[in-house]
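# Architecture and fold: a report
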Amino acid sequence: MSQSGLSRRRLLGLGAALPAAGALAACGGGGDGTTTIQFVAPEDPKNLEPVIRGFERANPGVRVKYTPVPFDRVNDVLQARLGAKDTEIDVFAVDPPRVSALAARKFLRDLSGYREQVRRDVLPGQDAPSYFRGRLWTMPIWSSTQFLYYNVDLLRKAGIEPPSSDPAARWTWERTVAAARKAQKAGAQYGLLFDQTDRYYQLQVLPASLGGGSGVSPHDELTPEITNPAWVKAMRWYHDLFADGLAPRGVSPDQMNVIFSSGHAAFFVGGPWDVGVFSAVTKLRWGLAPHPYFAGGRPVTPTDSWGWGVNPYGANADAGLRFVRYAALTKAGSLQTIATNPIIPANAAAFPTYRRELDRQGGDASAGAGALMDHELRHTAIHRPRTIGYIQFEDIMNKAFADIRNGAEPAARLRSASSALVSAWGQLR
Amino acid sequence: MSTREKARKPALTRIRHSPAGVALLFLAPGLLFLLVLRVAPAISAVASSLFHYSLLHDTTSFVGLDNYRTLFADSDFHHAVLVTLVFNVVINPVQIAISLALAVLLNQKLAGVRFWRALVFLPIAVPPAVSAVIWDVAFQPNGLINAFLRVIGVPAQPFLTSSDQALWSIMILCSWIGVGYWMMFLISGLQDVPASLQEAAQLDGANGWQRFWRVTFPMLRRPLAFVLVADTVSNFLVFAPVQILTNGGPENATNLVMFDIYRRAFTLGNMNLAQAEVVLLMLVTLVVVAVQFRLLRSKE
């Protein structure tokens with residue numbers, strides 16, 4: 001009887017001890033006195049390993065535990081976890097146009113105390129999307145632009161002179177599509193692919209090139225403007241790419257660069273990170289040129305990339321902030337963020353090294369890529385709109401793009417997207 | 001020992017010696033989980049659905065039934081309800097009919113019947129997300145199914161990229177997962193039908209179909225009732241295949257209510273409106289299940 005009572009007590013004690021141990025582990029403190037920073041982002045773990053190791057070497061006693069989440073689910077995961085004031089995230093990746101929405105929801109720690117340091121250490125203009133209502137909420141880690149890549153052999157087979165890398169000789173979309181059709185007739189499976197098919201980041205520049213604006217009224221951040229003639233014309237053009245078979249339906253964005261690198265597409269619109277991908281494919285002969293624009297319109301290119309923010313409820317938010325400053329504001333940390341992931345660093349001191357590396361990485365194919373990237377960032381880059389309704393905007397627009405790609409009538413689909421935006425944004429007021 | 005402890009002891013002893021008390025003690029963990037995981041979230045959902053959070057002004061206000069009015073006036077919600085109803089009206093009878101047919105077939109004394117049962121049951125052992133990814137590859141324009149269709153002379157189909165075919169494609173996937181599972185319950189029901197009844201009917205001159213319809217089917221009412229209710233509830237709550245395969249598209253053709261709730265809560269960040277939709281889904285499911293129970297009971 002007494003033994004039975006003892007074993008019950010032991011059992012109860014164990015039951016009480018296990019949650020307590022879990023709670024201690026949840027606080028991020030290791031039994032050996034280490035502090036563990038919980039970091040969430042949509043990157044391949046190997047791409048972040050150098051900066052994590054570099055930070056840990058520079059900060060003995062601090063560890064960074066990285067949790068990757070799928071690119072398309074970052075917003076949902078953060079909304080669910082940060083909305084519940086989850087202390088298990090200290091640092092997380094933030095797409096710059098989402099800063100307003102996340103800051104308004106109090107998911108981000110105010111970093112305004114570092115605004116001068118950020119202004120001094122990052123490339124000019126790269127910190128702009130990190131501000132909301134005059135305060136700094138994230139630190140920019142990377143930036144981006146887009147190039148027009150081409151398959152040398154497919155173009156040669158079709159008798160097409162490849163586009164120049166000189167921004168002054170930039171091709172129009174009309175010329176690009178004509179060349180893509182010709183290449184397809186000569187044997188290319190596909191004519192023209194977008195790396196981030198159906199995503200606003202990639203497609204904003206189409207209506208913008210025609211003067212259609214960003215899709216958000218410049219006078220009211222919660223009023224959509226996506227039904228003007230420029231938007232309809234741009235989306236009609238996008239629709240026809242897939243209707244005519246120049247680009248494939250039913251293929252997810254992450255498979256697009258695989259199609260190009262396996263030699264099945266004549267043209268591909270993608271970021272500087274694709275230089276590394278294509279350079280690794282020995283059989284592929286490729287080149288790059290400036291991002292096209294519509295005839296009669298103006299050249300514009302996508303830009304921005306992930307910044308990192310600190311969760312105000314994070315158990316180790318202070319250590320997390322040190323990690324973010326290391327990655328964003330030191331040359332060593334910034335270079336480590338791109339060591340295995342060739343994307344433009346937002347850090348000004350790291351940028352020249354990256355520019356040289358970009359020229360070198362692809363051999364003859366990427367010669368001049370650094371100068372072209374520099375030109376695009378200075379002269380043609382446009383930020384995505386800053387609105388507290390950006391999350392709703394991106395979700396509704398991306399669904400509309402996918403439907404248009406799959407055959408929906410562009411003008412009607414833009415009208416229904418506009419109604420959905422009015423309804424969703426009405427809920428934010 | 002304090003007087004309080006003395007007073008408590010007889011009460012505990014009384015509970016230990018009362019059958020109802022013992023039953024309650026055994027049920028306590030289950031009831032606790034039911035309370036924490038089911039009842040409390042349901043109450044929280046109802047409460048949350050009566051509020052509105054303004055992100056622009058950072059204020060939360062009591063709005064009564066406004067969120068429900070918003071939903072009833074929202075064309076996306078109307079569409080989600082319609083899609084969910086069409087989905088359920090089609091998929092539930094189809095899944096149950098196929099499950100029953102398979103159960104009857106695989107309840108026969110056939111060679112390798114255990115192997116075939118395992119094969120039909122296997123998809124339920126695969127996580128729904130993995131099944132969805134496998135079918136995503138199969139449904140692609142250059143995927144396995146179109147390759148097969150081309151071999152038999154049928155033109156390639158758009159499947160998930162067509163607003164006319166996407167919902168049917170999701171139904172195929174859900175049925176592939178579900179029929180083996182429901183079949184097992186029906187096989188177990190078939191095995192409970194006394195052989196003497198079948199033999200008596202046979203002696204009375206009943207043919208195979210008559211024996212099934214007049215003897216087996218009525219005896220299957222209880223397992224069928226369970227399968228019908230459980231299958232309906234599970235099909236009202238379908239989520240993972242939609243999220244992975246179509247994201248509710250094309251043109252909202254697969255925007256089932258469960259996915260719509262998820263989208264409002266975690267993509268659009270409108271928790272109050274999503275909770276109102278949860279409450280409505282709960283009510284609709286309860287009504288459907290209650291009607292099913294009533295229909296089945298009235299025939300007993």
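These figures come from a predicted structure and were not determined experimentally.

All right, on to the overall build of chain A then. Across its full length, chain A holds 18 helices and 15 strands. For chain A, whose C-alpha radius of gyration is 24 Å, the value lies close to the compact-globule estimate of 22 Å for 429 residues. Residue pairs in contact within chain A that sit at least 24 positions apart in sequence constitute 76% of those at least 6 positions apart. Working note: accessible area of chain A is about 16800 Å², and carbon and sulfur atoms make up 54% of it. Side chains of chain A carry 48 positive and 39 negative charges; the gap between the two charge centres is 3 Å.

Moving on to the overall build of chain B. Of regular secondary structure, chain B possesses 14 helices and 2 strands. For 300 residues, the compact-globule estimate of 2.2 N^0.38 gives 19 Å, and the C-alpha radius of gyration of chain B, at 25 Å, exceeds that figure by more than 25%. Seen along its three principal axes, the alpha-carbon backbone of chain B occupies a region of about 75 × 60 × 35 Å. Counting the 300 residues in chain B, one finds 39% classified as buried. Considering only intrachain contacts with a sequence separation of at least 6, the fraction spanning at least 24 residues in chain B is 64%. By element, 70% of the accessible surface of chain B is carried by carbon and sulfur atoms, the whole surface being about 17100 Å². Of note, chain B has its 21 positive side-chain charges centred 16 Å away from the centre of its 15 negative side-chain charges.

Reports of interface size often rely on the accessible area that becomes lost once the parts have come together. Residues and elements named next belong to chain B. Considered domain by domain, chain B is made up of domain 1 (3-66) and domain 2 (71-298). Taking only C-alpha atoms into account, the centre of domain 1 sits 33 Å from that of domain 2. Each partner contributes to the interface: domain 1 provides 8 residues, whereas domain 2 provides 7 residues. For the pair domain 1 and domain 2, the summed buried area comes to about 580 Å², and 58% of that belongs to carbon and sulfur atoms. Inspection of the domain 1/domain 2 interface yields 0 salt bridges. Along the contact surface separating domain 1 from domain 2 lie 2 residue pairs in polar contact (both at pLDDT 80 or more). Listing elements by their share of the side of domain 1 that touches domain 2, those giving two or more residues are α2 (19-48) and β1 (51-54). The greatest single-element share of the side of domain 1 that touches domain 2, amounting to 4 residues, is contributed by α2.

What follows concerns the sheet that holds strand β8 (residues 147-151) of chain A. Residues and elements named next belong to chain A. Strands sit in the order β9-β10-β8-β11 across an open sheet of 4 strands; the sheet is mixed. Of all strands in the sheet, those with a lone pairing partner are β9 (190-194) and β11 (286-290), marking the two edges. Put simply, the sheet's adjacent strands are angled 20° from each other on average, direction ignored. Alignment of β8 against strand β10 (residues 265-270), held across 4 bridges, turns out to be antiparallel.

All names here are of chain A. By the element assignment, L155 lies in helix α6 (residues 152-157). Its relative accessible area of 0% is what places L155 among the buried residues. Considered as a pair, L155 and A186 are 31 residues apart in the sequence and their alpha carbons are 8.7 Å apart. Those residues in contact with L155, other than ones at most four positions away along the chain, are Y150, I160, P162, P163, A266 and F267.

Conventions adopted
Residues numbered from 1 in each chain as written. Chains lettered and ligands numbered in written order. Predicted model: local features only at pLDDT ≥ 70, side-chain atom pairs only at ≥ 80, totals over all residues. Heavy atoms only, no water. Helix = DSSP H or I, 4+ residues; strand = E, 2+ residues; numbered from the N terminus. Rg over C-alpha atoms; globule rule 2.2 N^0.38 Å. Contact = heavy atoms within 4.5 Å. Areas by Shrake-Rupley, 256 points an atom, 1.4 Å probe, with all protein chains shown as cover. Lys, Arg positive; Asp, Glu negative; His and termini not counted. Charge placed at Lys NZ, Arg CZ, Asp CG, Glu CD. Buried < 20%, exposed > 50% of the residue type's maximum accessible area, 1.4 Å probe, protein only. Domains from an automatic or database assignment. Buried area = accessible area lost by both parts, 1.4 Å probe. Salt bridge = Lys/Arg side-chain N within 4 Å of Asp/Glu carboxyl O. Polar contact = N/O pair within 3.5 Å; in protein donor to acceptor, adjacent residues only side chain to side chain. Pairing = 2+ DSSP bridges. Axes fitted to C-alpha atoms, helices over the stretch in contact; angles between N-to-C directions.

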